[in-house]
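Working through the structure, step by step
Each chain, letter by letter, is given below.
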Amino acid sequence: MTTELLGPLMMFIITLVVAVPLGKYMAKVYNNEPVFLDKLLNPIDRIIFKVSGIDSSKEQSWQQQMFALLTINLVWFILGMFIFMNQGWLPLNPDHNPSQSAHLAFNTTISFLVNCNLQHYSGESGVSYLGQLYLMFLQFVTAAVGMAAAVTVFFALRKGSFSTLGNYYNSFVKSITRILLPISIVIAVILLANGMPMTFEGKNQMVSLQGDTTQISTGPVAAFVPIKHLGTNGGGFFGANSAHPFENPNYMTNMVEMVSQLLIPFAMVFALGYFLKKRKLAWMIFGVMTIGFLALVIPTVLLEMNGNPQLLKMGIDNALGAMEGKEVRFGSAASAFWSIATTVISTGSVNSMHDSYMPLSGMNQMLAMMTNCFYGGCGVGILNFFVFIILAVFISGLMVGRTPEFMGKKIEAREMKIAMIIALLHPFLILVGTSLSAALPDLTAVTLNNTGAHGLSEMLYEFTSSAANNGSGFEGLGDNTPWWNISTAVVLILSRFLPIIGPVAIAGSLASKKYIPKGSGTLKTDTGTFGLMVFAVIALVAALSFFPALTLGPIADYFSF
Amino acid sequence: MKANILIAFRLTFVVALLCVGMYTLIVLGFAKMAPNKGKGFELSQNGKTFYSNIGQSFTEDKYFYSRPSAVAYNAAGSGGSNKGPNNPEYLASVQARIDTFLAHNPEVNKSSIPVDLITASGSGLDPHISVEAAKIQIKRISAIRKIDETLLLKLIEQQNGKPLFGPDKINVLRLNIALDSISKN
């Protein structure tokens with residue numbers, strides 16, 4: 001029991017120990033200060049900027065940056081649609097996997113474009129190796145898109161008054177060359193040493209020891225998996241994602257994959273602290289995020305280690321915990337820990353099947369995505385948290401009867417309107433999507449793998465995962481239908497780009513305001529009290545808006561035991 | 001607008017060269033130095049080659065059973081049952097697994113059947129079972145193969161790597177290969 005808990009604890013501690021110096025390094029990179037990889041990488045950067053025709057030293061306004069972001073995403077969308085709808089005849093397809101239907105290609109492209117990776121196909125049969133490589137490309141660039149957008153906010157929060165906020169292309173390219181690419185190579189080497197395949201050969205036919213003939217899919221897995229986690233993407237190479245023995249061969253790789261998915265969300269918080277020279281603020285943010293994370297992960301681990309009471313009733317030995325959908329090499333504790341880590345951050349990779357979790361564990365996974373800012377995805381986690389900070393500053397300001405300020409800038413009607421819209425967009429998309437699906441049983445009833453309250457949970461989870469750009473699922477849902485492919489893709493687009501543009505717009509508007517030096521009446525935002533306030537705002541927004549839906553889904557499921 | 005689109009195309013091209021071209025080649029290069037040239041760990045026995053960490057179906061009584069699988073251990077696909085913990089259909093199938101197991105292992109007490117033996121894994125390709133799951137099969141194997149029970153227990157202990165982190169576990173394929181080799185002698 002205790003040794004089972006030791007693993008998750010170690011994963012958390014190792015991540016924290018690596019994330020603090022990495023945050024410092026990232027702050028230097030984004031501030032264009034020299035770092036040790038410069039000698040090797042400066043020439044590469046120069047080539048990239050030269051070929052692309054970018055002047056990386058030219059400062060841009062936030063509007064120009066968002067325009068650049070949307071334009072390049074449009075290009076990636078068109079490319080993706082072309083590749084997935086034609087992969088059947090394009091090269092690198094040894095298994096002769098077919099081209100995707102238009103609605104599936106639409107869903108696949110959008111969900112990878114928005115760093116979600118919902119995957120309404122199975123990797124073994126749904127994409128060619130060319131498709132996998134394009135997905136890998138999207139996993140690199142979409143992580144960098146989120147990180148660069150967060151950096152725009154960093155620039156906006158500096159002391160002073162600004163109309164331009166750095167160069168978007170510069171932050172984007174450096175996120176890739178200085179952070180994502182080098183760390184991915186290191187992770188790939190560790191994974192290769194542990195037996196993860198890296199080959200372009202197709203399926204192997206084998207006869208088992210007992211004499212059954214089976215086929216075994218392989219592929220360039222070891223290149224795909226590092227960035228899948230590091231970029232908090234989570235799109236699996238195989239259908240079973242990181243539960244697959246090739247995608248997560250042993251407990252050691254499980255630890256490496258866990259650390260690598262938590263790493264950048266952690267480091268981004270510390271990068272903010274170093275960048276703005278407000279390390280106390282960073283620790284306040286990290287503290288609030290960690291309390292939220294622990295509040296979800298501890299009950300889930302205990303519930304899963306406790307096992308399924310229905311199986312206990314049958315009179316068997318339930319000591320290993322709830323093992324349906326879980327792998328023996330990870331056990332119930334490390335699986336439960338992963339299930340919450342992957343949902344608080346927006347990875348969405350799984351090493352066990354969430355559909356088979358205890359009802360309240362499933363609720364915690366959904367709550368993790370409903371709040372969507374306890375660490376959060378690459379870059380976007382900070383942006384989501386920023387919205388809640390603005391709300392908390394405003395409410396606290398009203399409580400003490402002063403003009404609300406954050407980082408020496410007044411929060412006024414315009415910023416509040418944007419923050420409210422973004423905060424409410426998330427529950428709106430989830431609840432409307434789920435209600436529509438429940439109201440259209442002709443389209444959805446046959447796609448459910450479980451009936452009753454658990455069936456509703458499957459639909460609620462699907463839209464929660466889409467709106468949080470998470471990508472995990474209650475995978476029993478037969479989601480490759482036009483309804484699921486198109487409805488979730490629409491939610492994905494709205495819940496990716498608006499929550500990026502909103503906070504950046506708030507930050508841009510704050511940046512242009514006059515800087516007010518700290519006075520005795522200034523609300524301190526780097527204290528525990530303010531942390532508590534932010535936590536309360538997050539809890540209120542998440543709990544109040546989602547409680548009725550959770551009551552009909554997982555809570556009703558729990559009481560039916 | 002026009003300038004942005006042009007930059008977007010050119011940037012996409014050059015970043016793809018870096019992240020798909022160069023990166024993949026670097027990882028492929030390391031793969032050539034990795035164990036078994038990056039094709040996944042393999043095992044050979046009697047001229048047959050297996051992947052050591054892709055689970056296999058063992059349903060014959062003369063072998064240690066592997067866990068139930070939602071994909072019948074065919075690694076052309078992968079996945080779990082995705083059944084909810086309270087799904088009546090699912091609970092009936094678990095009950096059926098318990099009954100089948102008891103029918104094949106009449107000497108086993110129901111309360112000692114470990115839960116991993118009657119539940120399907122997440123990948124459907126789980127190569128492991130728990131140590132207890134191996135131990136409760138000793139009596140059956142011993143009777144069929146005419147091997148001493150203490151010898152089988154020793155075999156299981158040898159296969160338990162006792163890892164620093166994570167649960168104790170037995171690779172079913174390795175255990176059964178070892179079992180085959182002592183049967184011959």
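1. Examining the overall build of chain A
- In terms of regular secondary structure, chain A is built from 19 helices and four strands.
- Once the C-alpha set of chain A is aligned to its principal axes, its extents read approximately 75 × 55 × 50 Å.
- Once local pairs closer than 6 in sequence are excluded, the contacts in chain A between residues at least 24 apart make up 78%.
- Element-wise, carbon and sulfur atoms account for 69% of the exposed surface of chain A, whose accessible area totals about 18000 Å².

2. Some words on the interface of chain B and chain A
- Listed per partner, the contact involves 92 residues of chain B and 105 residues of chain A.
- The junction of chain B with chain A conceals about 7900 Å² of combined surface from both sides, 66% of it contributed by carbon and sulfur atoms.
- The largest per-residue losses of area from chain B upon contact with chain A belong to Tyr23, Asn82 and Phe165 of chain B, which jointly make up 10% of the total buried on that side.
- Viewed at the interface, chain A and chain B are joined by two salt bridges.
- Here chain B is connected to chain A by 40 residue pairs in polar contact (both at pLDDT 80 or more).

3. Some details on the environment of Phe385 of chain A
- Mapped onto the elements of the fold, Phe385 of chain A is located in helix H14 (residues 380-400).
- What Phe385 of chain A contacts, discounting residues up to four positions off in sequence, is Ile285, Val288, Met289, Cys373, Val534 and Ile538 of chain A.

4. A short note on the environment of Thr343 of chain A
Residue and element names in this part refer to chain A.
- Mapped onto the secondary structure, Thr343 falls in helix H12 (residues 331-344).
- Residue Thr343 is classed as buried on the basis of its relative accessible area of 0%.
- Taking the C-alpha atoms as reference points, Thr343 and Ser465, 122 residues apart in sequence, are found 8.3 Å from one another.
- In contact with Thr343, not counting residues within four places along its chain, are His354, Gln365, Ala368, Met369, Tyr461, Asn470 and Ser472.
- Within polar-contact distance, the side chain of Thr343 engages the backbone oxygen of Ile340 at 3.0 Å.

5. What to know about helix H10 (residues 279-306) of chain A
- Compared with the 40 Å implied by 1.5 Å per residue over 28 residues, the 39 Å span of H10 of chain A between its first and last C-alpha is a close match.
- The first or second residue beyond H10 of chain A is Gly307 of chain A, which carries a positive phi of 90 degrees.

6. A few points about the pairing of strand S2 (residues 48-51) of chain B
Residues and elements named next belong to chain B.
- Pairing geometry for strand S1 (residues 42-45) and S2, over four bridges, is antiparallel. Note that in S2 the partner of Gln45 across the bridge is Lys48.
- Here S1 hands over to S2 after two residues, with Asn46 in that stretch at a positive phi of 50 degrees.

7. Considering the state of the cysteines
- The tally for this structure, following the rule as stated, stands at zero disulfides over all chains.
- For Cys378 of chain A, which is in no disulfide, the shortest distance to another cysteine sulfur is to Cys19 of chain B and amounts to 13 Å.
- Assessed through its relative accessible area of 2%, Cys378 of chain A is described here as buried.
- Exposure remark for Cys19 of chain B: the relative accessible area of 0% places this residue in the buried category.

8. Quick word on the side chain of Lys409 of chain A
All names here are of chain A.
- Relative to the assigned elements, Lys409 resides in strand S4 (residues 409-410).
- Of the side chains with opposite charge, Glu415 comes closest to the buried, unpaired Lys409, at an N-O distance of 10.0 Å.
- If sequence neighbours within four positions are ignored, Lys409 has contacts with Ala156, Arg158, Gly160, Ser161, Pro404, Leu510, Ala511, Lys513, Lys514 and Tyr515.

9. So, the domain arrangement of chain B
Residues and elements named next belong to chain B.
- Each assigned domain of chain B is listed here: domain 1 (1-39) and domain 2 (40-184).
- One C-alpha centre belongs to domain 1, the other to domain 2, and the line joining them spans 41 Å.
- Considering only the surface of domain 1 that becomes buried against domain 2, Pro35, Asn36 and Lys39 emerge as the three largest contributors, covering 98% of it.
- Linking domain 1 to domain 2 there are zero salt bridges.
- Counting every contact that joins domain 1 to domain 2 gives one residue pair in polar contact (both at pLDDT 80 or more).
- Residues belonging to the side of domain 1 that touches domain 2 are distributed by class as follows: one nonpolar, two polar and one charged.

How each quantity is defined
Residues numbered from 1 in each chain as written. Chains lettered and ligands numbered in written order. Predicted model: local features only at pLDDT ≥ 70, side-chain atom pairs only at ≥ 80, totals over all residues. Heavy atoms only, no water. Helix = DSSP H or I, 4+ residues; strand = E, 2+ residues; numbered from the N terminus. Contact = heavy atoms within 4.5 Å. Areas by Shrake-Rupley, 256 points an atom, 1.4 Å probe, with all protein chains shown as cover. Buried area = accessible area lost by both parts, 1.4 Å probe. Salt bridge = Lys/Arg side-chain N within 4 Å of Asp/Glu carboxyl O. Polar contact = N/O pair within 3.5 Å; in protein donor to acceptor, adjacent residues only side chain to side chain. Buried < 20%, exposed > 50% of the residue type's maximum accessible area, 1.4 Å probe, protein only. Expected span 1.5 Å × (residues − 1). Pairing = 2+ DSSP bridges. Disulfide = S-S within 2.5 Å. Lys, Arg positive; Asp, Glu negative; His and termini not counted. Domains from an automatic or database assignment. Nonpolar A, V, L, I, M, F, W, Y, C, P; charged D, E, K, R; others polar.

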